[in-house]
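Residue strings, one per chain:
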Amino acid sequence: MSTDHLNVEFKLHPVPECLLSRNPPPHVNSFEQYKKIHEESVKNPTEFWGKLANELLTWHTPFKTVLSGGFEHGDVTWFREGELNASYNCVDRHAIKNPDKVAIIYEADEPGQDRKITYGELLRDVCRFANVLKAHGVKKGDTVAIYMPMVPEAVVAFLACARLGAIHSVVFAGFSSESLRNRILDASSRFIITADEGRRGGKTIHTKKIVDEALLGCPDVERVFVFRRTGSSVPFCSPRDVWWHEELDKQRPHCPPEICNAEDPLFILYTSGSTGKPKGLLHTTAGYLLGAATTVKYVFDYQDGDIYGCMADIGWITGHTYIIYGPLALGGTSVLFESTPVYPSPSRYWEVVAKHKITQFYTAPTAIRLLRKFGREPVDCHDLSSLRVIGSVGEPINPEAWEWYNEVVGRNVCSVVDTYWQTETGSIIVTPLPGATATKPGSATFPFFGIDLVVLNPETGEEIKTTEAEGVLAIRKPWPSMTRSVYNDHNRYLDTYLRPFKGYYFSGDGVGRDCNGYYWIRGRVDDVINVAGHRLSTAEIESALIMHNATAEAAAIGVASELKGQCVHAFVTLKPNCENTDVKDLILQVRKSIGPFAAPEKVYIVNDLPKTRSGKIMRRVLRKIVDGQTDSLGDLSTLADPKMVDTLIETIKKS
Ligand code: PRX
């Protein structure tokens, strides 16, 4: 593989001087210190993580074995004899010490409607709601679906499940009823926690209505707990549905935490892979919590008194780890932002930063690119001097957006952390550290502590040992917050992550390593499309399109998009007598089947799809045609009908 492009000189941004001279200084304050700790952490993970697990977590029963099992059999366990409770670690221990400290700052959709929830209040609410769940039969090991807007009660719902040892399965509230139904069925959830409606960007989301539609196909659901967010009248189906506030009023604010084993499941979170059916990734209690807490501490250089603002949605892994579990495990103050970056104006983020004096701000490249279009004025009119670390996650950040973020938002005095990780990794695995790493825009820089990163040759599966390398990203040793299984399908877990390259965890991402050892994430090497940081598989979109009764066959590809990173283009062949089908209906079908965020930007009606003789769709050909690279379509000899390509090019050009 050519590595020529790695020799391009990228501007190196040193660690801002003002961060180093702060008191207290950053937890890690030189690159040498980072190197030393990283080296020790991969050489002796047991010592490294064992020490941190005692430092950052409170145990009911101490662990004896730090790590056992491995990638070969997919039987990794961390801290196996240890017992603890995640909600105790995120709430009680801080509430006991510091009940008036603010745990959550809720910034509601409408500006001015913010609310602060202290650790004392959070503990009482979590206990009361855990008692509600218990009263309705929820017990340890049950799976509870959460389909909630970005309200503090969602945080309470997560932690109440954790308190009982119940496994939460959060479904992003932008998913359609069909996607929600599939996830409820796959996880066998008999309990749903939801709200009457949601509010986002001034718009209403009919949350309960979507739940009701989903439940038409879920006969085993016993109870739906409905939080009143807007107060609008919504369909209510007693005795299945109960009101959150009415149930809460019945319960006392004390509920002893269930003692959980370190390896007891904490949650399931569905994510898209290369096949149509999303996988319910399973995360366990101690390892996940430790990864979350450790990365908030070191990647964001979290210090006592900081106000930590992650703008993600709790429905995705970033919200799980960096709004809820990470900051709360450290006893921090975490911002829960219900709105969008542009509501009611493109100043919203910066108003929120200034109002709450946010110290760490974490968002996605797609939001940065969007805000950059509005220029610097909406940023400049706010006092952002509280910020120290500004982060990016979810997709590659292009150097232009990085520079803008650094200069305009960070005013060249903040550390920019481009953090690479996945739902599977549980917490950040490649990242700069604020006091230690000189950054290159577009590079996620170096592996986090305990991450033994390698670049593999995808053909041979061999490690590429030269400094400059180009291949696929893999990890050689287990780390605590890695996913342990796919819910009810361990074999699929092994097939996807541990079997492709024996002895390694395979990320599914391409990666480059430059002459200075910096890592550059290239994006997925499988059929996963990343639309504005939302992960979708081509197969998932194709299955949605096939559901339309006019569709004969469908293919979906990811196409570069200036704003969203990637967007979806779809190709559909129609059944006989369906020639008059409106592409809008096909787009609607995807919105209905998956959710609005998955809607293809473009649908091409074509006569035929490029397929191999064995019937496999050659998406590469479609991608090249859309990109306008028709003179470099590559080897077409494996196509069943190479002549179809010319017609296809004509059709696509005309659309
Ligand atoms: O392709 C990588 C991309 O997002 C994928 C993981 O998506 P998900 O599980 O939804 O988690 C997103 C939030 C952690 C990865 O396989 N990705 C994530 N962060 C970055 C990234 N690509 C480049 N740079 C990043 N910083």
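Residues numbered from 1 in each chain as written. Predicted model: local features only at pLDDT ≥ 70, side-chain atom pairs only at ≥ 80, totals over all residues. Heavy atoms only, no water.

Description of unusual backbone geometry
Across residues other than glycine, the phi torsion is negative in most instances, and most of the peptide bonds are trans. Cis geometry marks the peptide bond from Asn 23 to Pro 24, where omega comes out at 0°. On the secondary structure map, Pro 24 appears in the loop between α1 (17-20) and α2 (31-43). Unusually for a residue other than glycine, Ser 188 sits at a positive phi of about 50°. Assessed through its relative accessible area of 48%, Ser 188 is described here as partly exposed. In this model, Asp 301 sits at a positive phi of 45°, which is unusual for a non-glycine residue. Residue class for Asp 301 comes out buried when judged on its relative accessible area of 5%. (Helix = DSSP H or I, 4+ residues; strand = E, 2+ residues; numbered from the N terminus. Buried < 20%, exposed > 50% of the residue type's maximum accessible area, 1.4 Å probe, protein only.)

Some words on the site of the ligand
Near the ligand lie 17 residues; those nearest to it are Thr 419, Thr 423, Asp 509, Arg 524 and Arg 535. Within the backbone of Pro 396, a nitrogen or oxygen atom sits 3.5 Å from a nitrogen atom of the ligand. Secondary structure elements with two or more residues in the shell around the ligand: α11 (317-329), β20 (415-419) and β25 (519-524). A class-by-class count of the residues in the shell around the ligand yields 6 nonpolar, 6 polar and 5 charged. (Near = heavy atom within 4 Å. Polar contact = N/O pair within 3.5 Å; in protein donor to acceptor, adjacent residues only side chain to side chain. Nonpolar A, V, L, I, M, F, W, Y, C, P; charged D, E, K, R; others polar.)

Regarding the state of the cysteines
If you walk through the whole model with that rule in mind, you get 0 disulfides. The thiol of Cys 218 is unpaired, and the distance to the nearest cysteine sulfur, on Cys 237, comes to 13 Å. Here Cys 218 falls in the buried class, since its relative accessible area comes to 4%. (Disulfide = S-S within 2.5 Å.)

Remarks on the packing of aromatic side chains
The description of an aromatic ring pair uses the distance of the two centres, along with the angle that the planes make with each other. Tallied over the entire structure, the rule returns 41 aromatic pairs. Aromatic side chains Phe 31 and Tyr 34 sit 5.5 Å apart centroid to centroid with 35° between the ring planes, which places their arrangement in the tilted category. Taken together, the residues Phe 31 and Tyr 34, both in helix α2 and 3 residues apart, mark about one turn of the helix. Tyr 34 sits in the buried class, given a relative accessible area of 3%. Relative to Phe 449, the ring of Tyr 34 lies with its centre 6.0 Å away and its plane at 25°, an arrangement referred to as stacked. On the criterion of sequence distance, the pair formed by Tyr 34 in helix α2 and Phe 449 in the loop between β20 and β21 (453-456) is long-range, its members being 415 residues apart. Following the ring pairs from residue to residue traces out a cluster consisting of Phe 31, Tyr 34, Phe 48, Trp 49, Tyr 298, Phe 446, Phe 448, Phe 449 and Tyr 518. (Phe/Tyr/Trp six-rings, centres within 6.5 Å; stacked < 30°, edge-to-face > 60°.)

Remarks on the sheet that holds strand β22 (residues 469-475)
With respect to topology, 4 strands assemble into an open sheet ordered β21-β22-β24-β25, the strand pairing being antiparallel. Both edges of this open sheet fall to β21 and β25, since each of them pairs with a single strand only. In this sheet, neighbouring strand axes are inclined to one another by 45° on average, regardless of whether the strands run parallel or antiparallel. Where strand β24 (residues 505-513) lies against β25, 5 bridges are found, and the strand directions are antiparallel. Counted as the bridge partner of Gly 510 is Gly 523 from β25. (Pairing = 2+ DSSP bridges. Axes fitted to C-alpha atoms, helices over the stretch in contact; angles between N-to-C directions.)

A short note on the packing of helix α13 (residues 365-372) against helix α15 (residues 399-409)
Describing two packed helices takes the angle between their axes plus the distance from one axis to the other. Interaxial distance between α13 and α15 falls to 10 Å at its minimum, and their mutual angle equals 75°. Between α13 and α15, the angle is such that the two are roughly perpendicular. In this structure, α13 uses Ile 368, Arg 369, Leu 371 and Arg 372 to contact α15, whose residues at the interface are Glu 400, Ala 401, Trp 404 and Tyr 405. Of the residues in the contact of α13 with α15, the class split is 5 nonpolar, no polar and 3 charged. (Parallel < 35°, antiparallel > 145°, perpendicular 65-115°, else oblique. Contact = heavy atoms within 4.5 Å.)

Considering the pairing of strand β15 (residues 279-284)
Across the 6 residues that make up β15, a large majority, 6, are buried. Of the strand pairs in this sheet, strand β14 (residues 265-271) and β15 are connected by 6 bridges, and their pairing is antiparallel. Counterpart to Leu 269 in the pairing with β15 is Leu 281. By the bridge criterion, 2 bridges tie β15 to strand β23 (residues 485-486) in an arrangement that is antiparallel.

Some words on the UniProt feature "domain: AMP-binding enzyme C-terminal" (unreviewed entry) in the protein
The residues that UniProt annotates with the feature "domain: AMP-binding enzyme C-terminal" (unreviewed entry) are residues 540-616. Here residues 540-616 is 23% helix and 32% strand, with 16 Å between the C-alpha atoms at its ends. (UniProt positions renumbered as here; feature names shortened; annotations may be inferred.)

Topic: the nonpolar core
Among the nonpolar cores identified, the biggest contains 124 residues, and Phe 79, Phe 129, Leu 159, Ile 193, Tyr 325 and Leu 328 are the most heavily contacted of them. Take this core: its biggest share by element is 10 residues, from helix α6 (residues 152-164). Core analysis: the second largest hydrophobic core is formed by 40 residues, Leu 215, Val 568, Ile 594 and Ala 598 among them. (Core = buried A, V, L, I, M, F, W, Y, C linked by side-chain atoms within 4.5 Å.)

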